[in-house]
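Listed here are the chains, written in short residue letters.
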Amino acid sequence: MSPSLQDLENTLLTACMDEAAIGMVVLDQQKKIGLWNRWMEKASGLQASFVLGKSLLELFPELAGGRLLAAVEDAANRGLPAILSHKLNMAPLPLYPPSPRQVGDDQRMSQLIIVSGMAVSGLSRYVLLQVQDVTHTVFRERQLRQQTQDLQVRAVELREAQQLAQRASMAKSDFLANMSHEIRTPLNAVLGLTNLALQASPDVKMKDYLEKIHTSGRYLLGLINDILDFSKIEAGKLELENTSFNLQNLMARVVERFAPQAAQKGLELCLSTHPFMAEEVVGDPLRLEQVLTNLINNAIKFTNKGEVVVSVFPAPSPAGEASTQYLQFVVQDTGIGIAGDQIGLLFQPFTQADSSTTRHFGGTGLGLTISKRLVELMGGEIHATSQVGEGSRFSFTARFQKSGPVKASSKLVLNEPILMGLPILVVDDNLTSCQILQETLYAFKFIPTVVHSGAEALSLFARGHHFPLVIMDWRMPGVDGMMASRLLIEKYRNPRGEPRIILLSAYYQEKLCKDARQIGINQCLTKPTTASSLWNTILEVLGKRQVQANPDLLQLPSDTGFLANKHILVVEDNLINQQVAQELLQKAGATITIAANGRQALSQVQAIQVDAILMDIQMPEMDGYAATRAIRETLGMQDIPIIAMTANAIAGDQEKCLAAGMNDYIPKPVDINRLFSTLAKWLTCDPPPPVEVSESSHANKGWPATLPGFHLAAGLTRVGGDQSFYLKMIRQFMQNHSQDITTLRQLLAEQNWQEMAKLVHMLKGLAGNLAAHELQQGAKDLEKAILSQHFNLLPVLLDGLESSMNLTLRSGRDLLNFQQNPPTSQAISKVDVEERERLLKELHDHLTVFNLRANDVFQHLATLFPHHASTPQWLTMRDLLDKLDYPQAITFLPHIVASLNRSVS
């Protein structure tokens, strides 16, 4: 008989329950087992045939009074479901016993029992038990909870370790930054004393030892300086200065410093500045120079042939920054290059792109890292691109405050209409050099034509083209500059002497200059050419000079009297500064009382009635800040105008003066117009007309047109155009301060930084009053290095200050002699020619045998030819002689000879 549908359904249901992956038990209302599936048979070891029809309590009496039985009752009677979970060896016992492998505490079998009632005809008559083995799930959950707890503990430990590492790093950086003085001091003493021993020791062998010690010491100092600068940046203790400086001059100075080094390697060193970029900007010139120096030094170091090009031009400024300007600086070379996958290592500390370069070239690997941090502090970014064997390009931007209108240098604007549009032929095989020359000549309002070989230049003239002036490179393939110039002179020079020819060369040699003069070349010019040197050479060759547009000298009337009946107290410790203030103010009608320091000022204001006080800041016994506070607070004098006069250049200086109770602030060197207008404001009177002095007016009164180391017009302006008073100031300076460099060297050897800073500060102010700009800048740089504790820079900066001082003293003597006995041009020429050959030969002989007399001979030369003393070539030679680098000085001597030959010719 075929099975009924009901039988088929029951069979199918039983089969499904047997195949289920969980245990399934069905109980009736008497709690008797009606279904015990195959999973339960395997798990419990009890066959269905044995358990069917038996009750739970009969099989498992341990369940009596337990949770499972109560849950079954609720499901059967009220239909309430339940979920129970427990372990096998925990009461109440489960439906089947544990296997031997599951008896461990961590491996106990866990059960999940789901109890649910099944209604039949609306009544809950059956109960379904679903039994699951969740041992693995529970175990994994326990593991995950433990792992989560472990991770949380490790995260806390990691954060604590990271904080500890950061504190340790900061402590290290703080330690090194604070210890920079102690680290550098003994090495500075070694270098300073070695330098003194070099000058004093006559023994050649001993000098050789000392020179090697000095060279090694400087190298070690450079390494230490990199590490300490990096640590100072890391510690957050490096602050940038904001001061106005001439960007064009800074760029020229940096590039010219590397000219001899590039020439030794046969490299073309080019400088390109945007013709309409602002001359003056506000920023930190020392840090900008540090970045440029590092990049140019690296470019030359890693370049064996080709060129190094340094350029600067305006960069886009973000919207809303009208008071700032961004500049982009680029240093590009044709050196060994860097692999693309190593570019990212360049700016990491203590790293070079290739460890082999570290071994070959040396260094700490910190230069680019420090440059990157400095650029970021200047509000910019630095980038590098490179290709192996093709060279590298480093570029960075920097943010500066605007200091003046964006225009081309007023000194390089052509004022002679007859020269505007003058055609000039540029002949140079270097494309970069051609482009720079072309752009510069266009800015000068000339019309340049560019060719890249001597043959092309000759071809242009052969086809009837004429150029009054030719700028000719020397080293070119095929027809070089000398040959091309000779052929142009022989075939195409007209009776007017055109074309005139300027020969450019990075390999300046005495023989080259002699040969050039013999064939008729008008002038030789050494690369890299700055805009100003090119401009001056062109005007010299053309027989022109720039027309001065400045007004005639305006003398300050001696009877202005705008300060009549005014009593002014001048608080100033320097005698020359006292005299300047006294004479200027007395001419304006004021009565003057002098106090040499703050204590004397307190006594004076209590003894006499004064209308205003001019207060210096740095003075012995009591400085200007303390004196002002005492006048305001102790003496209760609130109405007397106190005006600060100081040579300090530190950011926030004006705010410090005002906070101390001063009314106004005049920086040194004191500008006479600002002094008078400030006094007039606080004394409620009308100032006199402004005082101006032109560049040429002093020459019209019997003075030289220029004086190396001095800006005569600015100096005369500061004394109201009084030439005799200006000469008196120079004479007093020479009498009282000619030994300042010797004193500074003694203080450096003693490491007496405080007294050294005071003397340099005073020297800076005096140089400013005299308009001895090079001496003033040298003193400013030295003072800044002392105050910022860059003691490693002091020997080099002091050497530079000594050169500037020597130039100032020589020019001062020349001016005094010039005033007393103005020489004729004929007498000068005769002396020059007679002395020149003898002194040059003597200088060469002394350099050859390493005789210290070479320094004295060069000093004599500079005295005879003061107009050469401030040129880059002569300053470089002075630097080499000061360092006793006689081998390099012999190599560089042809530059000096050539400059003298040019002036004579």
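Source: prediction; values computed, not measured.

What counts, and where the lines are drawn
- Residues numbered from 1 in each chain as written.
- Predicted model: local features only at pLDDT ≥ 70, side-chain atom pairs only at ≥ 80, totals over all residues.
- Heavy atoms only, no water.
- Helix = DSSP H or I, 4+ residues; strand = E, 2+ residues; numbered from the N terminus.
- Contact = heavy atoms within 4.5 Å.
- Areas by Shrake-Rupley, 256 points an atom, 1.4 Å probe, with all protein chains shown as cover.
- Pairing = 2+ DSSP bridges.
- Axes fitted to C-alpha atoms, helices over the stretch in contact; angles between N-to-C directions.
- pLDDT = per-residue confidence, 0-100.
- Phe/Tyr/Trp six-rings, centres within 6.5 Å; stacked < 30°, edge-to-face > 60°.
- Buried < 20%, exposed > 50% of the residue type's maximum accessible area, 1.4 Å probe, protein only.
- Lys NZ or Arg CZ within 6 Å of the ring centre and 35° of its normal.
- Core = buried A, V, L, I, M, F, W, Y, C linked by side-chain atoms within 4.5 Å.
- Expected span 1.5 Å × (residues − 1).
- Salt bridge = Lys/Arg side-chain N within 4 Å of Asp/Glu carboxyl O.
- Right-handed = clockwise from strand over helix to strand, strands pointing away.
- Parallel < 35°, antiparallel > 145°, perpendicular 65-115°, else oblique.
- Left-handed = near helix turned anticlockwise from the far one by under 90°.
- Nonpolar A, V, L, I, M, F, W, Y, C, P; charged D, E, K, R; others polar.
- Arc of directions from axis to C-beta.

**Student:** I'd like a description of the overall build of the protein, backed by residues and values.
**Tutor:** If you tally the helices and strands in the protein, you get 34 helices and 22 strands. By sequence separation, contacts in the protein at least 24 residues apart represent 67% of the contacts at least 6 residues apart. Of the accessible surface of the protein, which amounts to about 42800 Å², a share of 54% is contributed by carbon and sulfur atoms.

**Student:** Got a sec to walk through the sheet that holds strand β21 (residues 642-646)? Specific residues and values, please.
**Tutor:** Pairing in this open sheet of 5 strands is parallel, and the strands run β19-β18-β20-β21-β22 from one edge to the other. Of all the strands in the sheet, the pair left with one neighbour each is β19 (591-595) and β22 (664-667). Neighbour to neighbour, the strand axes of the sheet diverge by 20° on average, direction disregarded. With 4 bridges joining them, strand β18 (residues 567-571) and strand β20 (residues 612-616) adopt parallel strand pairing. Bridging across to β20, Val571 finds its partner in Met615. This element, helix α19 (residues 575-587), spans β18, β19 and β20 of the sheet and lies at about 165° to β19.

**Student:** Describe in detail the confidence of the model for the protein, supporting the description with residues and values.
**Tutor:** Averaged over all residues, the pLDDT of the protein equals 76, while 75% of them reach at least 70. In this model residues 97-107 is a low-confidence stretch, pLDDT under 50, and it forms 15 contacts with partners more than four residues away in sequence or in other chains. In the model, residues 545-559 has pLDDT below 50 throughout and makes 36 contacts with residues more than four positions away in sequence or in other chains.

**Student:** Please give an account of the sheet that holds strand β15 (residues 469-473) that cites residues and values.
**Tutor:** One open sheet accounts for 5 strands, arranged β14-β13-β15-β16-β17; its pairing is parallel. Looking at which strands have only one partner, the edges of the open sheet turn out to be β14 (447-451) and β17 (523-526). Between one strand and the next, the sheet's axes are offset by a mean angle of 20°, whatever the strand orientation. Sheet strands in contact with helix α15 (residues 454-462) are β13 (423-427), β14 and β15, and its direction is about 150° off that of β13.

**Student:** Explain the packing of aromatic side chains to me, and be specific about the residues and the numbers.
**Tutor:** Counted by the stated rule, this structure contains 7 aromatic pairs. Between the aromatic rings of Phe329 and Phe400, the centroid separation amounts to 6.3 Å while the plane-to-plane angle is 65°, which identifies the pairing as edge-to-face. In this pair, Phe329 is assigned in strand β10 (residues 324-333) and Phe400 in strand β12 (residues 391-402), connecting sequence segments 71 residues apart. The two residues Phe329 and Phe400 agree in class, both being buried. Residues Phe461 and Phe467 carry aromatic rings whose centres are separated by 5.8 Å and whose planes lie at 65° to one another, so their mutual orientation is edge-to-face. Considered together, Phe461 and Phe467 belong to a single accessibility category, that of buried residues. Aromatic rings pair up to connect Phe245, Phe329, Phe396 and Phe400 into one cluster. Positioned above the aromatic ring of Phe50, the side-chain terminus of Lys54 is 4.5 Å from the ring centre. Lying across the ring of Trp474, Arg475 places its NZ or CZ 4.6 Å from the centre.

**Student:** Which residues make up the side chain of Glu268, and what are the values?
**Tutor:** Inspection of the secondary structure assignment puts Glu268 in strand β7 (residues 268-273). Look past the residues within four positions of Glu268 in its chain and what remains in contact with it is Gly306, Glu307, Val308, Asp428, Asn430, Ser433 and Lys527.

**Student:** Before we move on, can you summarise the nonpolar core with the specific residues and values?
**Tutor:** The biggest cluster of nonpolar side chains holds 66 residues, and the ones touching the most others in it are Leu563, Leu585, Leu679 and Met756. In terms of residue count, the dominant contributor to this core is helix α28 (residues 753-770) (9 residues).

**Student:** Could you give an account of helix α26 (residues 723-737), naming the residues involved and the relevant values?
**Tutor:** A rise of 1.5 Å per residue sets the reference length of α26, with its 15 residues, at 21 Å; its end C-alpha atoms lie 21 Å apart and thus fit the reference within 8%. Buried within α26 are the following residues: Gln723, Phe725, Tyr726, Leu727, Met729, Ile730, Gln732, Phe733, Met734 and His737.

**Student:** Give me the lowdown on unusual backbone geometry, citing residues and values where you can.
**Tutor:** Peptide bonds are mostly trans, and most non-glycine residues show a negative phi. For the bond from Glu498 to Pro499, the omega torsion is 5°, close enough to zero to count as cis. Summarising the element assignment, Pro499 is placed in the loop between α16 (481-492) and β16 (500-505). The backbone phi angle of Lys31 is positive, close to 65°, even though this residue is not glycine. Among the secondary structure elements, Lys31 is positioned in the loop between β1 (23-27) and β2 (33-36). One non-glycine residue, Gln789, lies in positive phi territory at about 60°.

**Student:** Quick one: what's the story with the pattern of salt bridges, residue by residue and with numbers?
**Tutor:** One pass over the structure, following the stated rule, counts 13 salt bridges. Notably, a salt bridge pairs Arg745 with Glu802, separated by 2.7 Å at the nearest N-O pair. Linking Arg745 in helix α27 (residues 740-750) with Glu802 in helix α30 (residues 794-820), this pair joins segments that are 57 residues apart in sequence. Given a relative accessible area of 16%, Arg745 falls into the buried group. Overlapping salt bridges, with partners in common, bring together Arg496, Glu498 and Arg500 in one network.

**Student:** For the pairing of β19, give the residues involved together with the corresponding values.
**Tutor:** Summarising the sheet, β18 and β19 pair through 5 bridges and their orientation is parallel. Among the inter-strand pairings, His567 is bridged to a residue of β19, identified as Thr591. With α19 bridging β18 and its parallel neighbour β19, the resulting β-α-β unit is right-handed.

**Student:** Break down the packing of α19 against α26 for me, citing the residues and quoting the values.
**Tutor:** Following both chains from N to C, one finds α19 and α26 inclined at 165°, their axes separated by 10 Å at the closest point. It follows that α19 is roughly antiparallel to α26 by the angle criterion. In this structure, the crossing between α19 and α26 has a hand that is right-handed. Contact residues: α19 offers Ile576, Gln579, Val580 and Glu583, while α26 offers Phe725, Lys728, Met729, Gln732, Phe733 and His737. Classifying every residue of the contact of α19 with α26 gives 5 nonpolar, 3 polar and 2 charged.

**Student:** Report on the side chain of Thr593, specifying residues and quantitative values.
**Tutor:** Structurally, Thr593 is set in strand β19. The buried category is assigned to Thr593, whose relative accessible area is 14%. With sequence-adjacent residues up to four places away left out, Thr593 is seen in contact with His567, Ile568, Leu569, Val570, Gln604 and Ile608.

**Student:** Run through the environment of Val670, naming residues and quoting values.
**Tutor:** With respect to the helices, strands and loops of the structure, Val670 is situated in the loop between β22 and α23 (672-683). Given a relative accessible area of 14%, Val670 falls into the buried group.

**Student:** Quick one: what's the story with the packing of helix α11 (residues 285-301) against helix α13 (residues 367-377), residue by residue and with numbers?
**Tutor:** The interhelical angle for the contact between α11 and α13, taken along N-to-C directions, is 145°, at an axis separation of 10 Å. Where α11 crosses over α13, the two elements pack in a sense that is left-handed. Between α11 and α13, the residues in contact are Arg287, Gln290, Val291, Asn294, Leu295 and Asn298 and Gly367, Leu368, Ile370, Ser371, Leu374 and Val375, respectively. Tallied by class, the residues present in the contact of α11 with α13 amount to 6 nonpolar, 5 polar and 1 charged.

**Student:** Describe α15, naming the residues involved and giving the relevant values.
**Tutor:** Those residues of α15 lying buried are Gly454, Ala457, Leu458, Leu460 and Phe461. Buried residues of α15, viewed axially, fall in a sector of 155°; they line one side. Contacts made by the buried residues of α15 are with β13, β14, β15 and α16. Two residues or fewer after α15 comes Gly464, characterised by a positive phi angle close to 100°.

**Student:** Can you break down the pairing of β13 residue by residue, with the values?
**Tutor:** The buried count for β13 comes to 4 of 5 residues, which makes it a mostly enclosed element. For the segment spanning β13, helix α14 (residues 431-443) and β14, crossover handedness is right-handed. Two strands pair when backbone bridges link them, and β13 and β15 are joined in this way by 4 bridges, in the parallel orientation. Each residue of the ladder has a partner; that of Ile424, found in β15, is Leu469.

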